Amino acid sequence: LALHTMLSPIVLVFGLVALAAAAVDPDAKRTICEIVQAKNYDCSATNFTTRDGYILTTFRVGSPAHRTAGRPVVLLWHGLLDNSFTWLMNMPNQSLPYILADAGYDVWLGNNRGTLYGRRHVNMTDKDEAFWQFSWDNFSQYDVPDVINAIRASTGVATLSYVGHSEGTIQMFGALLRRTVTSQMVNIFLAFAPVTFVGHETNKLFRVLSQPGVMAAWEKILGKKAFLPTPEQLLPLDETLCRDDPIACETLVEAFCGKHKGSFNASRMQVMAGHEPGGTSMRNIEHWAQLVHSNKFQMFDYGTQGNMQHYHQPTPPQYDLGQFPLDVPLALYTGTADELADPADVQILLKALPTPPVVHLNIPSYAHLDMVWCTTAVTDMYVPSVLPLLKKYNARP
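The shown structure was predicted, so the numbers you read here are calculated from the model rather than taken from an experiment.

The rules behind each value
- Residues numbered from 1 in each chain as written.
- Predicted model: local features only at pLDDT ≥ 70, side-chain atom pairs only at ≥ 80, totals over all residues.
- Heavy atoms only, no water.
- Helix = DSSP H or I, 4+ residues; strand = E, 2+ residues; numbered from the N terminus.
- Contact = heavy atoms within 4.5 Å.
- Buried < 20%, exposed > 50% of the residue type's maximum accessible area, 1.4 Å probe, protein only.
- Pairing = 2+ DSSP bridges.
- Right-handed = clockwise from strand over helix to strand, strands pointing away.
- Salt bridge = Lys/Arg side-chain N within 4 Å of Asp/Glu carboxyl O.
- Axes fitted to C-alpha atoms, helices over the stretch in contact; angles between N-to-C directions.
- Parallel < 35°, antiparallel > 145°, perpendicular 65-115°, else oblique.
- Phe/Tyr/Trp six-rings, centres within 6.5 Å; stacked < 30°, edge-to-face > 60°.
- Lys NZ or Arg CZ within 6 Å of the ring centre and 35° of its normal.
- Disulfide = S-S within 2.5 Å.
- Polar contact = N/O pair within 3.5 Å; in protein donor to acceptor, adjacent residues only side chain to side chain.
- Arc of directions from axis to C-beta.
- Core = buried A, V, L, I, M, F, W, Y, C linked by side-chain atoms within 4.5 Å.

Colleague: Where do I start with the overall build of the protein chain in this structure?
Modeller: The helix and strand inventory of the protein chain stands at 15 helices and 9 strands. For the protein chain, contacts bridging at least 24 residues in sequence account for 78% of all contacts bridging at least 6.

Below, the structure is given as structure tokens:
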């Protein structure tokens, strides 16, 4: 029964009879920069290579009205099974990158290894099993600090502001606790739907995946490379579903991300299907399942023998939030209806921190994706809280 529950969203997708037809919204077939440029904003793509050889595409968004050098930089980072498109889901007056660009910021959109924009390596291809042997531990060790340093070198700014959503928060928490990112690199960390401890999360899919033996069975089906088929393989099916039945498309998204507030722009679901899922590794999903099962904020568990080889101890090291750097301002944005960043786990996070965050905005009825996809996030979060915080910790745009 548990395995059936886990597979049902996937069966729904593969059970569709996809008929070739053009998407109504042209953004569904556009690249990231084509979407941005069609809205009359500047966009460019830059490839940064991490110290361990992964080539990550990072997108830069700006307003034609603000092209002066030395503008304050804001880096936005996506969540699990997502990519930088998530920040561009809605219209310019509702999407954070455009709002920041209009306010005079130099906006960058990061992507993790294993996503649509992180599928290359200097020595491997994504067909190699070794390519996929990573989890968010590696994002905190390499992806986040290396992209931040590359942006700093490219723009000349001393520090930048970091905004993460979901997995984009845990990898920054990890980076700050590893000290691969410091206050010399970031001036503020804004965490949307923050996740560290996830033992109380109520999402059915991840609850099933966290049960003993389930991930091993899943690996027998799909191997130890990517989690789920490649995004390229899923896109034609997803596009048909989301164009013809946006409600069914939302239901599929909710299987992974939980219920939402009800303020998604249904007309943009077909656009989402043209760019999602972002992709990740089987190991990364396994790491998340371990966190749910253990209720610990810890590194990947290789088993006793593997842990001795990797960490020189029988159990994986735990991240100690009590060591969160006091010189990095932290802002938390949480929702009372979030299945993945559950309110009980948020309380554990708050109690573990050495000092309270500079802002904690807990939004009634907000769920996990609402921080980035809800059409009212601009009035609930961005304008009243995010913009004033960024202005406070940056030079005036």
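Colleague: Honestly, the pairing of strand E7 (residues 186-192) in this entry has me stumped. Any pointers?
Modeller: Two faces, one strand: in a regular strand the side chains alternate between the faces of the sheet. Of all 7 residues in E7, 7 are buried; the element is thus mostly enclosed. For strand E6 (residues 160-165) and E7, the ladder comprises 6 bridges, and the chain directions are parallel. Bridge assignment links Ser161 to a residue of E7, and that residue is Ile188. Assessed by its sense of winding, the connection that carries the chain from E6 through helix H5 (residues 167-178) to E7 is right-handed. Sheet topology note: the E7/strand E8 (residues 330-335) ladder contains 4 bridges and is parallel. Bridged to Leu190 within E8 is Ala331.

Colleague: Even after reading the chapter, I still don't get the pattern of salt bridges, so can you show me in this structure?
Modeller: Pairs may arise between side chains of opposite charge once their charged atoms sit close together. Counting across every chain of the model gives 10 salt bridges. Residues Arg67 and Asp42 are paired through a salt bridge, measuring 2.8 Å at the closest nitrogen-oxygen approach. In this pair, Arg67 is assigned in the loop between strand E2 (54-62) and strand E3 (73-77) and Asp42 in strand E1 (residues 42-49), connecting sequence segments 25 residues apart. Asp106 serves as the salt-bridge partner of Arg60, at 2.6 Å between the closest nitrogen and oxygen. Of this pair, Arg60 sits in strand E2 while Asp106 sits in strand E4 (residues 106-110), placing them 46 residues apart in sequence. Residue classification places Arg60 among the partly exposed positions, given a relative accessible area of 26%. Given a relative accessible area of 3%, Asp106 falls into the buried group. Within the structure, one salt-bridge network assembled from shared partners comprises Asp25, Asp27, Arg30, Lys39 and Arg268.

Colleague: Explanation requested: the packing of helix H4 (residues 136-155) against H5 in the structure shown.
Modeller: The geometry of a pair of packed helices is captured by two quantities: the angle between their axes and the separation between those axes. At a closest axis distance of 8 Å, the pairing of H4 and H5 adopts a crossing angle of 80 degrees. It follows from the interaxial angle that H4 and H5 lie roughly perpendicular. Two secondary-structure elements touch here, H4 through Trp136, Asp137, Phe139, Ser140, Gln141, Val144 and Ile148 and H5 through Glu167, Ile170, Gln171, Met172, Gly174, Ala175 and Arg178.

Colleague: How do you make sense of the environment of Gly110 when you look at a structure like this?
Modeller: Its place among the elements puts Gly110 in strand E4. Gly110 sits in the buried class, given a relative accessible area of 0%. Considering only alpha carbons, one finds Gly110 and Asn83, 27 residues apart in sequence, at a separation of 7.9 Å. Ignoring anything within four residues of it in the chain, the contact list for Gly110 reads Thr58, Leu75, Leu76, Trp77, His78 and Ser84.

Colleague: What should I look at first to understand the side chain of Asp143 in this one?
Modeller: Checked against the element boundaries, Asp143 lands in helix H4. In this view, Asp143 contacts Thr50, Leu56, Trp77, Asn112, Arg113 and Asn138; residues no more than four positions away in its chain are not counted.

Colleague: What exactly am I supposed to notice about the packing of aromatic side chains here?
Modeller: Note on aromatic pairs: each is described by the distance of the centres and the angle between the planes. On inspection of all chains with the given rule, the structure shows 23 aromatic pairs. Counting every residue linked through ring pairs, the aromatic cluster contains Tyr54, Phe131, Trp132, Phe134 and Phe139. Between the NZ or CZ atom of Arg283 and the centre of the ring of Phe300, over which it lies, the distance is 5.1 Å.

Colleague: Looking at this structure, I do not really get the pairing of E1. What am I missing?
Modeller: Pairing between E1 and E2: 8 bridges, direction antiparallel. Looking at the pairing, Phe48 lines up with Leu56 of E2. With antiparallel pairing between neighbouring strands as the criterion, E1 and E2 make up a hairpin whose turn holds 4 residues, including Gly53 at a positive phi of roughly 95 degrees.

Colleague: Honestly, the state of the cysteines in this entry has me stumped. Any pointers?
Modeller: Covalent bonding between the sulfur atoms of two cysteines is what defines a disulfide. Here the structure, examined in full by the defined rule, presents 1 disulfide. At a sulfur-sulfur separation of 2.2 Å, the disulfide partner of Cys33 is Cys43. Looking along the S-S bond of the Cys33-Cys43 disulfide, the torsion reads about -70 degrees, which is the left-handed sense. You can see Cys33 sitting in helix H2 (residues 32-38) and its partner Cys43 sitting in strand E1, a full 10 residues away along the chain. Each member of the pair, Cys33 together with Cys43, is buried.

Colleague: How do you make sense of the side chain of Ser183 when you look at a structure like this?
Modeller: Tracing the backbone through its elements, the reader meets Ser183 in the loop between H5 and E7. There is a polar contact of 2.7 Å between the side chain of Ser183 and the side chain of Asp327. When near neighbours in sequence (up to four residues on either side) are disregarded, Ser183 contacts Thr159, Asp327 and Val328.

Colleague: I would appreciate a short explanation of helix H7 (residues 214-222) in the present structure.
Modeller: In an α-helix there are 3.6 residues to a turn, and that puts residues three or four apart on one side. Of the positions making up H7, those classed as buried are Val214, Met215, Trp218 and Glu219. An end-on view of H7 places all buried positions within 135 degrees of arc, on one side of the element. In the segment just after H7, Gly223 is the residue with positive phi, at about 85 degrees.

Colleague: Explain the nonpolar core here, please?
Modeller: Generally speaking, a soluble globular protein has its nonpolar side chains buried in company with each other. Among the nonpolar cores identified, the biggest contains 112 residues, and Ile148, Met172, Phe189, Leu190 and Phe192 are the most heavily contacted of them. Not counting the four nearest positions on each side in its chain, Met172 is found in contact with Val144, Ile148, Tyr162, Val181, Val186 and Phe189.

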